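As a plain string of letters, each chain reads:
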Amino acid sequence: MTTLIILAAGEKSAEVTNWAGRIAWVVGLLLFIAFVYWLMRQGWKWRGSLQSDLPELPAVPETPGEATLELTGRYHGSTTAGQWLDRIVAHGLGVRSRAELRLTDAGLEVVRPGARDFLVPTAALREARLDKGIAGKVLAENGLLVVTWAHGDRLIDSGFRSDHAAEHAAWVEAINTMSTVNGTTEGTAR
């Protein structure tokens, strides 16, 4: 029996947790994640500086005209027309947000809570179409309302998704009719 007591007293269990090693791994992982986010932020800022030649966006008028159509939904971003992955971030156009759209005689009013509002003047509207994706957002076929408009010397596609997708067809027809009446229709390569 004394032999068993001596053997039991001599054995020690291995240390279960190496706290110093575990803390070092967690700190290293957090630093890596912070570094990746910093790189993403720098890339966003760099893209914005490349697009600094884009003029300021027209402001939404203080007294809006009578709306032909209204829509509530989401603004998914803007890209260079025909290049659905070339996101435009200058002047807040890259910020996804809730949106309220109003089509008036003045143009397309885009009101975005928490982001910068802007107006697409009637003369700048080129076309509207239904599509499935824009700037990293892919939806079901014809699930996105894409409005093409001119700003400065660029053609821009802006993507919207209504809370009620059945409204999209009326918007496409109204904007295309408005563009044709004003003689601004220009096809974009897709």
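Counting restarts for each chain: residues are numbered from 1 in the order of the written sequence. In keeping with the predicted nature of the model, local features appear solely for residues at pLDDT of at least 70, side-chain atom pairs appear and are counted solely at 80 or more, and the whole-chain, interface and lining totals rest on all residues. With hydrogens and water set aside, each side-chain value is computed from the structure's full complement of heavy atoms.

Things to note about the overall build of the chain
- Per the convention used, a helix needs a DSSP run of H or I reaching at least four residues, while a strand needs a run of E reaching at least two, with both numbered from the N terminus. When its secondary structure is counted, the chain shows three helices and ten strands.
- Scanning the chain from its N terminus toward the C terminus, one meets helices and strands in the order α-α-β-β-β-β-β-β-β-β-β-β-α.
- Per-residue burial over the chain gives 36% buried out of 190 residues.
- Throughout, a contact is declared for two residues whenever any of their heavy atoms are within 4.5 Å. Contacts in the chain between residues at least 24 apart in sequence constitute 63% of all its contacts with a sequence separation of at least 6.
- Accessible surface, the chain as shown: approximately 11400 Å² in total, 61% of it carbon and sulfur. Only protein chains enter the area calculation, which uses a 1.4 Å probe; residues under 20% of their type maximum are buried, those over 50% are exposed, and those in between are partly exposed. Under the convention used here, a 1.4 Å probe and the Shrake-Rupley method define accessible areas, while residue burial counts only the protein chains that appear.

Structural notes on unusual backbone geometry
- Residues other than glycine seldom take positive phi values, yet His91 does so here, at roughly 60 degrees.
- Looking at the element boundaries, His91 is found in the loop between strand E2 (87-88) and strand E3 (97-103).
- For Asn142, which is not glycine, the phi dihedral falls at a positive 60 degrees.
- The residue Asn142 is located in the loop between strand E8 (137-138) and strand E9 (144-151) in this model.

Overview of a nonpolar patch on the surface
- Like charges within 9 Å and nonpolar side chains (Val, Leu, Ile, Met, Phe, Trp, Tyr) within 5 Å are joined into patches, using only residues over 30% in relative accessible area that form no salt bridge. The salt bridge criterion pairs a side-chain nitrogen of Lys or Arg with a carboxyl oxygen of Asp or Glu, the two atoms within 4 Å. On the surface, a cluster of nonpolar side chains totalling about 1100 Å² of accessible area is made up of Val26, Leu29, Leu30, Phe32, Ile33, Phe35, Val36, Tyr37, Trp38, Leu39 and Met40.
- Position of Val26 among the secondary structure elements: in helix H2 (residues 19-50).
- By relative accessible area, which is 44% here, Val26 ends up partly exposed.

Quick notes on the nonpolar core
- Leu93, Leu108, Phe118, Leu125, Val147, Phe160 and Trp171 are the most contacted members of the largest nonpolar core, which has 26 residues in total.
- Those elements that place two or more of their residues in this core are strand E1 (69-80), E3, strand E4 (107-111), strand E5 (118-121), strand E6 (125-131), E9, strand E10 (154-162) and helix H3 (168-181).
- Ranked by residues supplied to this core, first place goes to H3 with four residues.
- With residues near it in sequence (within four places) discarded, Phe118 still touches Leu57, Pro58, Val60, Tyr75, Leu93, Leu108, Glu109, Val110, Arg112 and Trp149. The criterion is simple. A nonpolar core is a set of buried Ala, Val, Leu, Ile, Met, Phe, Trp, Tyr and Cys residues joined through side-chain atoms within 4.5 Å.

Concerning the pairing of E4
- Among the five residues in E4, four count as buried, and that is most of the element.
- Any two strands with at least two DSSP bridges between them are considered paired. Counting the residues in the hairpin turn of E3 and E4 gives three residues.
- Sheet topology places E4 next to E5; four bridges connect them, and they run antiparallel. Across the sheet, the residue bridging to Glu109 is Leu119, located in E5.
- The antiparallel hairpin formed by E4 and E5 contains six residues in its connecting segment, where Gly114 sits at a positive phi of about 85 degrees.

Observations regarding the environment of Leu85
- With respect to the helices and strands, Leu85 occurs in the loop between E1 and E2.
- On the basis of relative accessible area, Leu85 is assigned to the exposed category, the value being 57%.
- Spatially, the C-alpha atoms of Leu85 and Gly136 are 6.6 Å apart, while their sequence positions differ by 51 residues.

Observations regarding the pattern of salt bridges
- For the structure on display, the rule yields nine salt bridges.
- Ionic pairing is found between Arg102 and Glu70, a salt bridge with its closest N-O pair at 3.3 Å. On the criterion of sequence distance, the pair formed by Arg102 in strand E3 and Glu70 in strand E1 is long-range, its members being 32 residues apart.
- Judged by relative accessible area, which is 18%, Arg102 ranks as buried.
- One network of salt bridges, in which partners are shared, links Glu127, Arg129, Asp131 and Asp157.

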